[in-house]
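# What the coordinates show
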Amino acid sequence: MVDAISIEKAKEHFGRILEQQLARVERMRTDQEWTDYSKLKTIRIGICGGDGIGPYISGSAQTVLEALLKEEIASGRVEIRVIEGLTIENRVKVMKAIPDDVLAEIKECHVVLKGPTTTPKKGDPWPNIESANVAMRRELDLFANVRPVRVPELGVDWMFYRENTEGSYVLGSQGVNVTDDLAIDFCVATSQGSERIIRLAFDYAHKNGINKVSVVTKANVVKTTDGKFLSIAEEVARDYPHVKWDDWFIDIMTAKLIDPYRRSDFKVIVLPNLYGDILTDEAAQIQGGVGTAGSANIGKKYAMFEAIHGSAPRMVDEGRAQYADPSSMIKGAAMLLNHIGFVELARRLEMALEVCTQYEKRLVMTGRSNGATGQEFARYVLDTVNDPGLEAKWKGYQARSG
Ligand code: IPM
Ligand code: MG
């Protein structure tokens, strides 16, 4: 079999991986400064539509951003750039997860709002290229995948800090078929990579007066990498003596998120990449589905905001893409605004989203022609942001949920 490689070749491959990863450790050691958006003359926001419903829902989020930032755009404080070309067709054409010219354009922006992109898997009509998400997180070193989930009526207010550049993902496209029968993948944890995500989670708890961080691993079985993650958590926790913390295994944590007696105890949850991927989908489902959740990918230099769901090609095939729910992209836009310093605007947008989708529901998205279009919904959200009664409505929603 051609793709099976011998032991010697596998060893060489492993050697190269070790060199790559040690070089990455060195890069992490030379600590970079966080971007200070308040010092930038112009904050450039890139918008990548992506595939499937991506261009539709990111178009709705763009409508929202352009309306909310109208004055800042006019004054040159903010610039919005639409970046074309992050499509599966283009990526396949150059056989790259992110075409070079697209990556260069992304790197000219300070923050990016990204629609979902197709991630090919074996057996798909597309060649099995690497996920654009995974590549972007790696290329821009977006080490923290921050995913909030809130369901006030269930007492749920969770903030997930998913490690985003290591674990089972970082070498997910570099596993080896040693022979026809033996396949090996790699999982990576570094001290620096674990520390920076765990510290960010503790910092968030500390700054927001939240007295609970839960660290999730499977360190009883995956002893080396998860073991490192957990022992680094122990070290970091010593710097935050006022923040209580506990550790959970991923299996029981998955159960506890749906335990009505326990789930409201969790607040800030920090975990390695793959567990974070899985647990945040479960959490989003509790909130009303993956379509309702936004996600921030934060690095020191760049940040990228996105929906946590896929590109739903079926909706496009069936001619329903304009009815796709843009809530998660708009939520991503709110997180983006907060990240670059428009904190009050972000707060109003998040309140408006909750009021529109959970409370007032004047327009409902069904994904079909009997519901609103994404653009109609975007305008509804904007009207709600500008509604002087927004705060009162939001309080009404909280009281009803309380
Ligand atoms: C997510 C997605 C991605 C991931 C896919 C599309 C590669 O599921 O953002 O959670 O696994 O990280
Ligand atoms: Mg996922």
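Residues numbered from 1 in each chain as written. Chains lettered and ligands numbered in written order. Predicted model: local features only at pLDDT ≥ 70, side-chain atom pairs only at ≥ 80, totals over all residues. Heavy atoms only, no water.

### Details of the overall build of the protein chain
Within the protein chain, the secondary structure is distributed over 15 helices and 12 strands. Relative to a compact globule of 402 residues, whose C-alpha radius of gyration would be 21 Å, the protein chain shows 21 Å and is just as compact. For the protein chain, the spread of C-alpha atoms along the three principal axes comes to 70 × 50 × 45 Å. Each of the 402 residues in the protein chain was classed as buried or not, and the buried ones make up 51%. A separation of at least 24 residues holds for 74% of the contacts in the protein chain among residues at least 6 apart in sequence. Carbon and sulfur atoms make up 52% of the accessible area of the protein chain, which totals about 18,800 Å². Measuring between centres, the 51 positive side-chain charges of the protein chain sit 2 Å from its 56 negative side-chain charges. (Helix = DSSP H or I, 4+ residues; strand = E, 2+ residues; numbered from the N terminus. Rg over C-alpha atoms; globule rule 2.2 N^0.38 Å. Buried < 20%, exposed > 50% of the residue type's maximum accessible area, 1.4 Å probe, protein only. Contact = heavy atoms within 4.5 Å. Areas by Shrake-Rupley, 256 points an atom, 1.4 Å probe, with all protein chains shown as cover. Lys, Arg positive; Asp, Glu negative; His and termini not counted. Charge placed at Lys NZ, Arg CZ, Asp CG, Glu CD.)

### Details of the pattern of salt bridges
Counted according to the given criterion, the structure contains 30 salt bridges. Here Arg81 makes a salt bridge to Glu79, at a shortest N to O gap of 2.8 Å. With relative accessibility at 28%, the residue Glu79 sits in the partly exposed group. Note that Lys218 and Asp251 form a salt bridge whose closest N and O atoms lie 2.8 Å from each other. Highlighted residues: Lys218 in the loop between strand S8 (213-217) and helix H8 (225-238) and Asp251 in helix H9 (residues 250-256), separated in sequence by 33 residues. Salt bridges sharing common partners tie together Glu360, Arg362, Asp387 and Lys393. (Salt bridge = Lys/Arg side-chain N within 4 Å of Asp/Glu carboxyl O.)

### What to know about the site of ligand 1
Every residue near ligand 1 is listed here: Thr119, Ser131, Asn133, Arg137, Arg147, Arg162, Tyr169 and Asp277. At 2.8 Å, a side-chain N or O of Arg147 approaches an oxygen atom of ligand 1. Within the contact set of ligand 1, an oxygen atom lies 2.8 Å away from a side-chain nitrogen or oxygen of Arg162. For ligand 1, whose unbound accessible area comes to 320 Å², protein coverage reaches 79%. Across the shell around ligand 1, the residue classes break down as 1 nonpolar, 3 polar and 4 charged. (Near = heavy atom within 4 Å. Polar contact = N/O pair within 3.5 Å; in protein donor to acceptor, adjacent residues only side chain to side chain. Nonpolar A, V, L, I, M, F, W, Y, C, P; charged D, E, K, R; others polar.)

### Thoughts on empty space enclosed by the protein
Evaluation of the coordinates by the stated rule reveals 1 cavity of 30 Å³ or more. Here the largest cavity is characterised by a volume of approximately 40 Å³. Around the largest cavity, the lining residues are Val134, Arg138, Asn164, Thr165, Glu166, Tyr169, Val170 and Asn273. For the lining of the largest cavity, the residue count by class is 3 nonpolar, 3 polar and 2 charged. (1 Å grid on protein atoms, 1.4 Å probe; cavity = no way out; pocket = protein on both sides within 12 Å on 5 of 7 lines; lining within 4 Å. Points joined across faces, edges and corners; volume = space filled by probe spheres on them.)

### Observations concerning the sheet that holds strand S10 (residues 268-271)
In spatial order, the strands read S2-S1-S3-S12-S11-S4-S5-S10-S8-S9; together these 10 strands make up an open sheet with mixed pairing. The open sheet terminates on both sides in strands that have one partner only, identified here as strand S2 (78-83) and strand S9 (245-249). Averaged over all pairs of adjacent strands, the angle between their axes in this sheet comes to 20°, without regard to strand direction. Inspection of the sheet shows strand S1 (residues 43-48) paired to strand S3 (residues 111-114) by 4 bridges, in the parallel sense. (Pairing = 2+ DSSP bridges. Axes fitted to C-alpha atoms, helices over the stretch in contact; angles between N-to-C directions.)

### What about the packing of helix H13 (residues 343-360) against helix H15 (residues 390-401)?
Orientation of H13 relative to H15, taken along the N-to-C sense of each, is 55°, at an axis distance of 9 Å. Taken together, the axis directions place H13 and H15 in an arrangement best described as oblique. Pair H13 / H15 crosses with left-handed handedness. Along its contact with H13, which presents Arg347, Arg348, Met351, Ala352, Glu354, Val355, Gln358, Tyr359 and Glu360, the element H15 presents Leu390, Glu391, Lys393, Trp394, Gly396, Tyr397, Gln398 and Arg400. Of the residues in the contact of H13 with H15, the class split is 7 nonpolar, 3 polar and 7 charged. (Parallel < 35°, antiparallel > 145°, perpendicular 65-115°, else oblique. Left-handed = near helix turned anticlockwise from the far one by under 90°.)

### Topic: the environment of Lys393
In this fold, Lys393 is placed in helix H15. Take Lys393: its relative accessible area is 24%, and that puts it in the partly exposed class. Filtering out sequence-adjacent residues up to four positions away, Lys393 remains in contact with Val355, Tyr359, Glu360 and Asp387.

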